[in-house]
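# Notes for the structure review
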Amino acid sequence: MADRVAIITGAGRGIGREHALLFAREGAKVVVNDLGGSAEGTGTDQAPAQQVVEEIVAAGGQAVANYDDIADWDGAQRLIQQAIDAFGDLHVLVNNAGILRDRMLANMSVEEWDAVVRVHLRGHFCPTRWAAAYWRDQSKAGAEVPRAIVNTSSTSGLFGNQGQTNYGAAKTAIATFSIIADAELGRYGVRVNAIAPAAATRLTATVPRDTPQETPPEDHWTPRHPANISPFVAYLSTASCPIHGRVFFVSGGDVFLFQPFAIVDKVSKEGFWTVEELESAAGRFADVEFDLGHPMAGMLRRR
């Protein structure tokens, strides 16, 4: 990571903070972005991002703070430009910022839906769009430098978690966004991957199953420590990493590779189906069982 210039969004707290600290220890020059809002996405506060910058600088690293809203078109452009102005280039974009507004579907308001989709999905698109345009121009100018994007998905979407249709839909979309972006940006030397992290943070503290768990001390390892996520994100961000277009589940000391959507069964005929024929032939799809590869999938799903 030496001299790699990296932007990390939502880096004032939790997993993003751990990313920023580790990247800096590994020699990266870090733009610490955080709007400083609440877990629900309200308010602003410059203190979290600034405190992380001060911690990095005190340890001998290089970092600057950014307080822009990453889901704002102009704010995202300023974020990308700040990295270039401050450090002369941009090599890595880690899209990590997020909020929660959990609600069962029948009770969810359109504002709760829009707020979560805006921060997560639009908040991934806007910085990625401006970074992609910069990297395209650099590539066309002959600057062949390895670049990387690491996006943040979630098992709440990839496995499916009740009470999070807004969050889960955005997070599954981010996984697909990552695969397509990788296919498009590879020609410019950009690799795109996504992770679905599992760790104890202020966001997961709002989910009932995590309420009894406190964020552990920084020097004490537990399977839910947010620092568990950052080494793999850093590896994906190195110049020599060959991995691209993949989605991973990172939890504790484990890194799981997701298989993309795959066809596992079919019914077929030559000619038009009737409803009655499909009732007879396709009804068995209800009984197909899937091996989702991790016990968390069973815990999150209703059946």
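Here goes a summary of the coordinates provided. As the structure is a prediction and not an experimental result, all values here were calculated from the model. (Residues numbered from 1 in each chain as written. Predicted model: local features only at pLDDT ≥ 70, side-chain atom pairs only at ≥ 80, totals over all residues. Heavy atoms only, no water.)

Looking at the secondary structure, you find methionine 104 in the loop between β4 (92–94) and α4 (110–140). A relative accessible area of 45% means that methionine 104 is categorised as partly exposed. (Helix = DSSP H or I, 4+ residues; strand = E, 2+ residues; numbered from the N terminus. Buried < 20%, exposed > 50% of the residue type's maximum accessible area, 1.4 Å probe, protein only.)

What follows deals with the nonpolar core. The biggest cluster of nonpolar side chains holds 32 residues, and the ones touching the most others in it are Ala20, Phe23, Val30, Val32, Ile56 and Ile195. Breaking this core down by element, the ones donating at least two residues are β1 (5–8), α1 (14–25), β2 (29–33), α2 (47–58), β3 (62–66), β4, α7 (230–237) and β7 (247–251). Per-element tally for this core: the top contributor is α1, with 6 residues. One finds Val31, Ile80, Ile84 and Ala181 within the second-largest nonpolar core, a separate group that totals 25 residues. (Core = buried A, V, L, I, M, F, W, Y, C linked by side-chain atoms within 4.5 Å.)

Attention now goes to the pairing of β3. The pairing of β2 with β3 spans 5 bridges and is classified as parallel. Among the inter-strand pairings, lysine 29 is bridged to a residue of β3, identified as glutamine 62. Running through α2, the crossover from β2 to the neighbouring parallel element β3 is right-handed. (Pairing = 2+ DSSP bridges. Right-handed = clockwise from strand over helix to strand, strands pointing away.)

With respect to the helices, strands and loops of the structure, asparagine 166 is situated in helix α6 (residues 165–185). Contacts of asparagine 166, omitting those with residues within four sequence positions, involve Arg101, Met108, Glu112, Trp113, Val116 and Val117. (Contact = heavy atoms within 4.5 Å.)

In total, this model carries 9 salt bridges according to the counting rule given. A salt bridge links aspartate 69 to arginine 118; its shortest N-O distance comes to 2.8 Å. On the criterion of sequence distance, the pair formed by aspartate 69 in the loop between β3 and α3 (73–87) and arginine 118 in helix α4 is long-range, its members being 49 residues apart. Among the residues examined, aspartate 69 registers a relative accessible area of 23% and is labelled partly exposed. You can call arginine 118 partly exposed: its relative accessible area is 33%. (Salt bridge = Lys/Arg side-chain N within 4 Å of Asp/Glu carboxyl O.)

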